[in-house]
Amino acid sequence: MADAKPFAMPEKPEGATGVLVLASGDVLWGRGFGVEGDAVGEVCFHTAMTGYQEIMTDPSFAGQIITFTFPHIGNVGANPDDIEADAPHALGMIVREDPTAPSNFRAMENLSGWMARHNRIGLAGIDTRALTRRIRAGGAPNGVIAHSASGEFGIAALLEKAKAWPGLEGMDLAKDVSTELHYGWGETREGGLWRLGFGYAGAEGADRPHVVAIDYGSKHNIFRNLVQAGAKVSVVPATASFEDVMALNPDGIFLSNGPGDPAATGEYAVPVIRQLLETGKPLFGICLGHQLLGLAVGAKTSKMHQGHRGANHPVKRLSDGLVEITSMNHGFAVERETLPANARETHVSLFDGSNAGLELTDRPAFSVQYHPEASPGPQDSFYLFERFVGSLRK
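Every chain's residues receive numbers from 1 upward, in the order its sequence appears when written. Two thresholds apply to this predicted model, a pLDDT of at least 70 for residue-level local features and 80 or more for giving and counting side-chain atom pairs, whereas whole-chain, interface and lining totals are computed over all residues. Note that water and hydrogens are dropped before the side-chain values are worked out from all heavy atoms of the structure.

By the naming in an unreviewed UniProt entry, the protein is Carbamoyl phosphate synthase small chain, taken from Sphingomonas parapaucimobilis NBRC 15100. UniProt positions are given in the numbering used here, feature names are shortened, and annotations may be inferred rather than shown by experiment. Turning to the protein, the UniProt record has this under Subunit (unreviewed entry): "Composed of two chains; the small (or glutamine) chain promotes the hydrolysis of glutamine to ammonia, which is used by the large (or ammonia) chain to synthesize carbamoyl phosphate. Tetramer of heterodimers (alpha,beta)4." We quote the UniProt Sequence similarities (unreviewed entry) comment for the protein here in full: "Belongs to the CarA family."

Once that is clear, we can look at the pattern of salt bridges. Close approach of charged atoms allows side chains of opposite charge to pair. Think of a salt bridge as a Lys or Arg side-chain nitrogen and an Asp or Glu carboxyl oxygen that are within 4 Å of each other. With the rule as written, the count across this model stands at 15 salt bridges. A salt bridge links Glu109 to Arg117; its shortest N-O distance comes to 2.4 Å. Partly exposed describes any residue whose relative accessible area lies between the buried limit of under 20% and the exposed limit of over 50%, with all areas from a 1.4 Å probe on protein chains only and scaled to the type maximum. For Glu109, a relative accessible area of 22% corresponds to the partly exposed category. Judged by relative accessible area, which is 54%, Arg117 ranks as exposed. As a salt-bridge pair, Glu359 and Arg344 come within 2.8 Å of each other at their nearest N and O atoms. Taken together, the positions of Glu359 in strand 18 (residues 355-360) and Arg344 in strand 17 (residues 343-349) put the pair 15 residues apart, joining distant regions of the chain. Connected through shared salt-bridge partners, Glu42, Lys303 and Arg309 make up one network. Only DSSP runs of H or I covering at least 4 residues are called helices, and only runs of E covering at least 2 are called strands; the numbering of each starts at the N terminus.

Right, let's talk about the domain arrangement of the protein for a bit. Each domain's limits were defined by an automated method or a database of domain assignments. Once the domains are mapped, the protein shows domain 1 (18-164) and domain 2 (174-392). Using C-alpha coordinates to define each centre, domain 1 is positioned 27 Å away from domain 2. With 29 residues of domain 1 at the interface, the matching set in domain 2 holds 25 residues. Between domain 1 and domain 2 lies a buried interface of about 2100 Å² when both sides are counted; carbon and sulfur atoms form 47% of it. Throughout, the accessible surface (probe 1.4 Å) given up by two parts as they are put together, summed over both, is called the buried area. The largest contributions to the domain 1 side of the interface with domain 2 come from Pro59, Ser60 and Glu84, which together make up 27% of the buried area. Taken together, the links from domain 1 to domain 2 amount to 2 salt bridges. The salt bridge involving Lys303 is made with Glu42; its shortest N-O contact spans 2.9 Å. A 3.5 Å cut-off defines polar contacts: any pair of N or O atoms within that distance qualifies, except that in protein one atom must be a possible hydrogen donor and the other a possible acceptor, and neighbouring residues in sequence count only when both atoms are side-chain atoms. Seen at the junction of domain 1 and domain 2, the total is 14 residue pairs in polar contact (both at pLDDT 80 or more). Every element with two or more residues in the side of domain 1 that touches domain 2 is listed here: strand 3 (37-46) and helix 3 (128-138). Three categories are distinguished: nonpolar for Ala, Val, Leu, Ile, Met, Phe, Trp, Tyr, Cys and Pro, charged for Asp, Glu, Lys and Arg, and polar for the others, with Gly belonging to the last. Looking at the side of domain 1 that touches domain 2 residue by residue, the classes come out as 12 nonpolar, 9 polar and 8 charged. Two residues qualify as a contact provided that any one of their heavy atoms is within 4.5 Å of a heavy atom in the partner residue.

Aromatic contacts are taken between Phe, Tyr and Trp rings whose centres are within 6.5 Å, Trp giving its six-membered ring; a plane angle under 30 degrees counts as stacked, one over 60 as edge-to-face, and the others as tilted. Taken as a whole and judged by the stated rule, the model has 8 aromatic pairs. Both rings, one in Phe366 and one in Phe388, keep their centres 6.5 Å apart while their planes meet at 70°; by these two values the pair is edge-to-face. With a gap of 22 residues between them, Phe366 in strand 19 (residues 365-368) and Phe388 in helix 10 (residues 383-393) connect regions that are remote in the sequence. By relative accessible area, Phe366 is classed as buried at 6%. With relative accessibility at 0%, the residue Phe388 sits in the buried group. Taken together, Phe254, Phe284, Phe366, Phe382, Phe385 and Phe388 form an aromatic cluster joined through their ring pairs. In this scheme, Lys NZ or Arg CZ marks a charge over a ring once it lies within 6 Å of the ring centre and within 35 degrees of the ring normal. Sitting above the plane of the Phe332 ring, Lys303 keeps its charged end 5.7 Å from the centroid.

Moving on, we come to the nonpolar core. Here, nonpolar core means buried Ala, Val, Leu, Ile, Met, Phe, Trp, Tyr and Cys residues that are tied together by side-chain atoms lying within 4.5 Å of each other. By size, the foremost hydrophobic cluster in this structure holds 32 residues, and its most contacted members are Tyr216 and Ile273. For this core, the elements supplying multiple residues, two or more each, are strand 11 (210-215), helix 7 (242-246), strand 13 (252-255), helix 8 (262-278), helix 9 (288-296) and strand 18. The biggest single contributor to this core is helix 8, with 7 residues. If you look at the next biggest cluster of nonpolar residues, it comprises 28 residues, including Ala213, Ala356, Leu384 and Leu392.

What follows covers the sheet that holds strand 13. Spatial strand order, 8-12-11-13-14-19-18-17-15-16: 10 strands in an open sheet with mixed pairing. Only two strands of the sheet have a single partner each, and these edge strands are strand 8 (183-185) and strand 16 (323-334). Taken over all neighbouring pairs, the strand axes of this sheet differ in orientation by 25° on average, direction set aside. Here strand 15 (residues 301-317) runs beside strand 16; their pairing, made up of 10 bridges, is antiparallel. Its bridge partner lying in strand 16, Arg309 is registered against Asn329. By this definition, two strands are paired if DSSP reports at least two bridges between them. Here the axes come from fitting lines to C-alpha atoms, over the contacting stretch only for helices, and the angles between their N-to-C directions go from 0 to 180 degrees.

See the structure below:
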């Protein structure tokens, strides 16, 4: 694909109440919604057609501003069920069309009100196709999203802020989004998966194997899927020590998704994971957890050009050639050529050939780069939860 042409430097159009200022100096005018103010972060794009609340509340999006490629975002409003964390972690959203009044029987409020209530900025009226092409050609840029009802902006100051932001590489964000306390999932929160007309399933059963999940920025639906597969789940902070985890007497350990640079989070997480691997207890990781497992066994991770973010990513399972349609959200990847002899690649992205899964040959440990728990999203990969919890029963 040819490189995207640079954006022009247009004068502010009449009625503009929002703007995106990229570190390159490009200025994109639009209409603001949500809270007034500005926020600086990495500008990425997401190709999912549904699930904007789940995407905005995914802790993996901390430090990022999301460009939605689907033009009609906000049509179904917002509700308290379609969330992956207690509040949005993405800094803001960029959309093509202005969010309309919600048209869904589950809606409790409109998208703009929900964004404002959670101190998040929205920007509409942007040519999201052109912005996406620019990100594909040049990589995810740093930028500032801003909203002012008066239409007054200090563009020079916003540009300096975008240039000064250091970027996600080398940044540990897991500590910022992780839980601060240990808690039992299902004791204070919903247990299993949600079904229309039934709500959330319970987590009954005293004989459930016990999973201790290390929360690097976890999505609620991961824990619901573990419960659905038959486990009892306890959650501990990202900074939990080996002794903290083992004091809970786990049958298995789960490494969650999360934001930021895995190498930075690995400074404190990798030594703990190495100790946990030595216990011989089954271990399962997703996304950042996959990257941290790779680092723990001696592999390397690197920043991707544009990252993978969407709900339609094909992944090939190398054991039998089956293709899974998956949901992805990551900007870093494990470098397959650095995997040690005792780590086998299990899945590969069919978009760009990057690593999407690994398992150890001398330990009961495996991980995937994608999100088998995605909701809404493809359900091709629920078998991974069943495989993990099944290994605990054995």
